[in-house]
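Structural overview
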Amino acid sequence: MAWRMLRRKDFHTGLVNLAFRRDDGAKKHFSNETIGKLARFYRSDMANHAANCKPSNHFSIRNFHAGVYMLAWSQKREDVVGLKAPKREKRVKRENRTQPPVEAPYIAPKPKTASKSLPDKTVEIFDGMTLIDLSKRTGAYISTLQGILADLGEKVESEFDSISIDLAELIAMELGVNTRRMHTGEGTNEPRPAVVTVMGHVDHGKTSLLDALRQTSVAAKEAGGITQHIGAFVVEMPSGASITFLDTPGHAAFSAMRARGAAVTDIVVLVVAADDGVMPQTLEAMSHAKAANVPVVVAINKCDKSGADPERVRIQLGSEGLLLEDMGGDVQVVEISAVAKSGLDKLEEALLLQAEMMDLKARIDGPAQAFVVEARVDRGRGPLATAIVKSGTLVSGQHIVVGAEWGRIRSLRDTAGNTTESAKPAMPVEIEGLRGLPMAGDDVVVVDSEERARMLSQGRKKKQEKDRLRKIDQGMKDELEIKEDIPERVEMPIIVKADVQGSVQAVTDALRSLNSAQVFVNVIHVGVGPISEHDIDLAQACGAYIVGFNIRSPPIAITQAAARGNIKVLLHKVIYHLLEEMGKAIVEKAPGTAETQVSGEAEVLNIFELKGRSKSKGPDIKIAGCRITDGHFSKSGTMRLLRSGDVVFEGPCASLKREKQDAETIEKGNDCGLVIQDCDDFQVGDIIQCLEQVIRKPKFISTQSGSVRIEC
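Described in the following lines is the structure provided in the data block.

The rules behind the values
- Here the residue numbering is sequential within each chain, running from 1 through the sequence in written order.
- Local features are withheld for residues below a pLDDT of 70 in this predicted model, meaning they are given only at 70 or higher, and side-chain atom pairs are given and counted only at 80 or more; totals for whole chains, interfaces and linings count all residues.
- With hydrogens and water excluded, all non-hydrogen atoms of the structure serve as input to the side-chain values.
- With axes taken as lines fitted to C-alpha atoms, and helix axes fitted only over the stretch in contact, angles between N-to-C directions fall between 0 and 180 degrees.
- Here a strand is any run of E in DSSP of at least two residues, a helix any run of H or I of at least four, and the numbering for each starts at the N terminus.
- Roughly parallel means an angle under 35 degrees; roughly antiparallel means over 145; roughly perpendicular covers 65 to 115; every other angle is labelled oblique.
- For any helix crossing, the convention is left-handed if the near helix is rotated counterclockwise from the far helix by under a right angle, and right-handed if that rotation is clockwise.
- Should any heavy atoms of two residues lie within 4.5 Å, those residues are considered in contact.
- The nonpolar class holds Ala, Val, Leu, Ile, Met, Phe, Trp, Tyr, Cys and Pro. Asp, Glu, Lys and Arg form the charged class, and all remaining residues, Gly among them, are polar.
- Two strands are counted as paired when DSSP detects at least two bridges linking them.
- Exposure classes here rest on a 1.4 Å probe applied to the protein chains alone. A residue is buried below 20% of its type maximum, exposed above 50%, and partly exposed in between.
- Every case where a carboxyl oxygen of Asp or Glu lies within 4 Å of a side-chain nitrogen of Lys or Arg is listed as a salt bridge.

**Side note on the packing of helix α4 (residues 131–138) against helix α5 (residues 142–151)**
- Orientation of α4 relative to α5, taken along the N-to-C sense of each, is 115°, at an axis distance of 9 Å. If you check the angle between α4 and α5, you find them roughly perpendicular. By crossing handedness, the relation of α4 to α5 is classed as right-handed. Across from Leu-131, Ile-132, Leu-134 and Ser-135 in α4, the residues of α5 making contact are Ile-142, Leu-145, Gln-146 and Leu-149.
- For the contact of α4 with α5, a count of residues per class yields 6 nonpolar, 2 polar and no charged.

**Examining the sheet that holds strand β12 (residues 332–335)**
- Overall, mixed pairing links the 6 strands, which are arranged β8-β9-β7-β10-β11-β12 in an open sheet. Only two strands of the sheet have a single neighbouring strand rather than two, namely β8 (231–236) and β12. Strand-to-strand, the axes of this sheet are offset by a mean angle of 25°, without reference to chain direction.
- Across the face of the sheet, helix α7 (residues 206–214) comes into contact with β7 (194–200), β8, β9 (242–247) and β10 (267–273) while running at roughly 155° to β9.

**Regarding unusual backbone geometry**
- One non-glycine residue with positive phi stands out, namely Asp-359, at about 50°.
- Counting through the fold element by element, Asp-359 comes out in the loop between α11 (344–358) and β13 (361–363).
- For Ser-644, which is not glycine, the phi dihedral falls at a positive 60°.
- Within the element layout of this structure, Ser-644 appears in the loop between β29 (638–643) and β30 (646–658).
- Classification of Ser-644 by relative accessible area gives exposed; the value is 75%.

**Focus on the sheet that holds strand β23 (residues 490–498)**
- The sheet built from 4 strands is open, its strands ordered β24-β23-β25-β26 with parallel pairing. Looking at which strands have only one partner, the edges of the open sheet turn out to be β24 (519–528) and β26 (569–572). Here the average twist between neighbouring strands, direction ignored, is 20°.
- Across the sheet, helix α14 (residues 533–542) is in contact with β23, β24 and β25 (545–549); its angle to β23 comes to roughly 175°.

**Notes on the environment of Pro-310**
- Mapped onto the elements, Pro-310 comes out in helix α10 (residues 310–319).
- Taking the relative accessible area as the measure of exposure, Pro-310 reaches 15% and is therefore buried.
- Sequence-wise, Pro-310 and Glu-335 are 25 residues apart; in three dimensions their C-alpha atoms are separated by 7.6 Å.
- Look past the residues within four positions of Pro-310 in its chain and what remains in contact with it is Ala-274, Ile-300, Cys-303 and Glu-335.

**Side note on the pattern of salt bridges**
- Counted under the stated rule, the structure contains 20 salt bridges.
- Measuring nitrogen to oxygen at the nearest pair gives 3.1 Å for the salt bridge that ties Arg-381 to Glu-430. Here Arg-381, found in the loop between β14 (369–378) and β15 (382–391), pairs with Glu-430, found in strand β21 (residues 428–434); they are 49 residues apart in sequence, far enough to count as distant.
- Put simply, Glu-580 and Lys-584 hold a salt bridge, and the shortest N to O gap is 3.9 Å. Here Glu-580 pairs with Lys-584, and both are found in helix α16 (residues 575–589), just 4 residues apart, close to one helical turn.
- In this structure, a network of salt bridges that share partners links the residues Arg-376, Asp-378, Arg-381, Arg-410, Glu-430 and Glu-432.

Okay, structure coming up:
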């Protein structure tokens, strides 16, 4: 007889009792004490009980050794005293394993930023600023700034403590923020000489004017009669006053150099030829002076020539918005002649008057602030930078940072080439001792130690590289967006070598202006100095042109290596000739554009028909007897049949004969027989045009102002 185990919970005591129901309906209840005894008995004599068990009316308990509480837990029907049953979870239907996995895009987790959003802007830093000031300007948290200081090995007790301007720049560079140094005017301010920049159009007499002022002959040494560097000179005037002059090139390619000249100047002398008038570079010089907020003194040169007309020049300048004194403005005008050396005393008087009105003063003591106007590499002395001191005193032996380069000043030379121990404001000097070649336009910063100079240099180089990569990335994105609109272009790699850094930049900018829709001018490498073996190897690797500007001819070994590698080397001393030759090379390399043009026209005079031809020779055909009235006809061209100005048919030429002989080309005035494939609708008086595919090359255009371009 089988028994089934039942479970029952006492309502009053909360205890769980077990009951057994027999098949015939009889029930047997057990208390907790009895159940415990049964369980112990079952566990102790389980083996004997199982061996001697026979069919009888005794009670059968299976797996009771798990305990009452485990049984209650497994059933999950009632709560056991002292335990809480888990909540029943909702069953979820399992997905079919045969279904493909769901493709969801990967979403990267948001990075945890320790600072606020850093805007892409330039912040002003100064010596003695606190971490609070730097935090407000950069938008970074103070804790972030303190962490950067700790990485740099510096410790600041409080955010109210002041830090040096070098540390502020290092922190800003780590944050990726552009900086501009603001120097305080503390110290003794004393009068200083005026820095005068001579600007104007090509061949208007700027260098000749300086020659007349300093009694030298620099213009005769210039290649092609034009200035291609920034020359800084100190001229002692007859009155005893000294003026620093900057001579800037007038060619269109040297726009950036003229812009740098206007950035450091106090007064601009605008030279205009009386026989030529206002030209494009004259207007450009005016815009540079206006952007730099610099006063202008107009010098009308070449007044001794027969075709000189100073009044016409005044009217042109007035119409361009320059308020001259003759017209009620404040711009002084002086008529001079650099060749005859007339009117120079009036120009000197005008410059000294303008300088006196400006009350030019500068800080003499303290670290210097200078501006690089030119840089070059000397074989024996290494990298050299020509700079003009703006404030403070630059002393030999100081550690400096010039742009992204650093070094210790080994020597300072004045404009006469003499060694000097210090340089005061408005004094141009040549700095020797830099580790690398700086860019023209970089500022000179004096630092305390070599370690600080190296740190600033490394930080600036790192930021420059980061900015360069960001620009390349942005350019690639923009190119991909408009790639469909731009046809395929041929790349023309170029290596540029020049004598000074300013010329390198000017030539590079001029070559890049020759970019067109068909040829991409890619300047892959630039450098200062002669052509080396490394340049030959690089050009051979990428098939580049080597452009040498104002440098000496390479040695025979370099020339032979270039000839073996089929490398084109272009050496020039005048930028006009360089751009003209490169323009021709670009035109030759351009693939050109395919165009369909009418090569000739003919009139149908008669129609001949061939009938009764055999199947082997083909069906009947119609021949148009024509006379060519314009151009020429070619058998390889496409024929267009016109009737009353409308196109009737257009197709290839099947046969072209002259006097029963096949002909490839027939010139104007001759008669011919013409068969157009799949066309037999000829009428007397129809016009037939011959169409040919031609490749049109771009054109190199050079204007009178010196600007060049490629026109496709």
